[in-house]
Amino acid sequence: MRESLNNKRVRMQLILDRLYETYPNSHCSLEHRSPFQLLISTMLSAQCTDERVNKVTPELFKFYPTAAVMAGASVEHLAELVRSTGFFNSKSRNMSACAITLLEEHGGEVPADLDALVKLPGVGRKTANVVLSTAFQIPGLVVDTHVIRISNLLRMTDEKDAVKIELELQKIIDREHWVMFTHLIIDHGRAVCVARRPQCHECVLAEYCPSVLPEEAIKKK
Ligand code: SF4
């Protein structure tokens, strides 16, 4: 039988309570000093860990701290600075085009608006939501690979498409928790509900999770 929306909302609140208790210091792990730096760091985090991004951004932002300065950078120099984050050719082209567009169309500032953000070169809905929620405190529900995987395991959704999941979760989670939901799920996905080997035996969500594995099954994995 399909779980009602109301049931999911109640179950989600219990899950959130547990996650808040378990990860009291949960936050965006990308280091930044401005909305522009967060935008660039988030673009760099595609197919790369936040840890790796945090290793390259101090040097990158030493050279190019703002959109106005980065707009004058050569794509080759940007590529050299972000090489270790992977896909550096497309990332550097996007960073350059994005900085130029910000300068030409937004006076060098990052717009606090979803529609304007997704029109920037290299900026998708996920990146836009990270910037809105973290830099501008505008509630945005970021759906990354951890959120897709764990929302499915928790049976909050059976969708695989990030935008459809975002819209479904918006109905299940109160707006005030949208930003923290993503941070908490990412922490849980890194610490316990890891992709290849969910540690269900030590999971604080086990009693609310329909995908919980019995202990014997975990040992065999
Ligand atoms: S019980 Fe297992 S599958 Fe469910 S959230 Fe926890 S670790 Fe993941």
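Summary of the structure given here.

The rules behind the values
- Residues numbered from 1 in each chain as written.
- Predicted model: local features only at pLDDT ≥ 70, side-chain atom pairs only at ≥ 80, totals over all residues.
- Helix = DSSP H or I, 4+ residues; strand = E, 2+ residues; numbered from the N terminus.
- Buried ≥ 20, exposed ≤ 12 C-beta atoms within 10 Å, placed from the backbone.
- Contact = placed C-beta atoms within 7 Å.
- Core = buried A, V, L, I, M, F, W, Y, C linked by C-beta atoms within 7 Å.
- Domains from an automatic or database assignment.

**Some thoughts on the environment of R155**
- By secondary structure assignment, the location of R155 is in the loop between α9 (145-153) and α10 (162-172).
- Sequence separation of R155 and V82 is 73 residues, and the distance between their C-alpha atoms is 37 Å.

**A closer look at helix α2 (residues 35-44)**
- Counting buried positions over the 10 residues of α2 gives 9, a clear majority of the element.
- Buried within α2 are the following residues: F36, Q37, L38, L39, I40, S41, T42, M43 and L44.
- In this structure, the buried residues of α2 make contact with α3 (50-63), α4 (67-70), α5 (75-82), α6 (88-106) and α8 (125-135).

**A word on the nonpolar core**
- If you look at the biggest cluster of nonpolar residues, it comprises 46 residues, and the most contacted ones within it are L39, M95 and V131.
- No other element matches α2, which puts 6 residues into this core.
- Residues from two domains meet in this core; each of domain 1 (5-26 + 142-220) and domain 2 (35-135) gives at least three.
- Not counting chain neighbours up to four residues away, the residues in contact with L39 comprise V110, T127 and V131.

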